[in-house]
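Structural overview for review
Residues per chain, in single letters:
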Amino acid sequence: MLKIVYESGTSHETITYKSVADFMANQRLEVPDLEDYYKINQVTLDDKSVDLTDKTIIGLYKKFDSEGY
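In what follows, the accompanying structure is described.

So, how was this worked out
Residues numbered from 1 in each chain as written. Predicted model: local features only at pLDDT ≥ 70, side-chain atom pairs only at ≥ 80, totals over all residues. Heavy atoms only, no water. Helix = DSSP H or I, 4+ residues; strand = E, 2+ residues; numbered from the N terminus. Buried < 20%, exposed > 50% of the residue type's maximum accessible area, 1.4 Å probe, protein only. Polar contact = N/O pair within 3.5 Å; in protein donor to acceptor, adjacent residues only side chain to side chain. Contact = heavy atoms within 4.5 Å.

**Considerations on unusual backbone geometry**
Phi is positive for Asp-46, which is not a glycine, with a value near 55°. Of note, Asp-46 is situated in the loop between strand 3 (39-45) and strand 4 (48-49). Given a relative accessible area of 52%, Asp-46 falls into the exposed group. For Asp-47, which is not glycine, the phi dihedral falls at a positive 65°. Looking at where Asp-47 falls in the secondary structure, it is placed in the loop between strand 3 and strand 4.

The following block contains the structure:
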């Protein structure tokens, strides 16, 4: 399971996906769940922390894309 804690305006929100593939597919939609510019506070994949250099939704997408998801 992929869990993303992000900032939406002044609040912290959490969203989960069953898999990285589900997140990637959703971000490819015309209207995805998450805006590319949202700042990420924490990401976990199967309860393990994911390290990001670009702590935005697009940064997470690019990381997974480069890893072949």
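On we go.
**A few points about the environment of Glu-35**
Relative to the helices and strands, Glu-35 resides in the loop between helix 1 (20-27) and strand 3. With 17 residues separating them in the primary sequence, Glu-35 and Leu-52 have C-alpha atoms 17 Å apart.

**Details of the side chain of Asn-26**
With respect to the element layout, Asn-26 can be found in helix 1. Here Asn-26 falls in the buried class, since its relative accessible area comes to 13%. Within the local environment of Asn-26, its side chain forms a polar contact with the backbone nitrogen of Asp-33, the two atoms lying 2.7 Å apart. For Asn-26, the residues in contact, after removing those within four places along its chain, are Tyr-17, Pro-32 and Asp-33.

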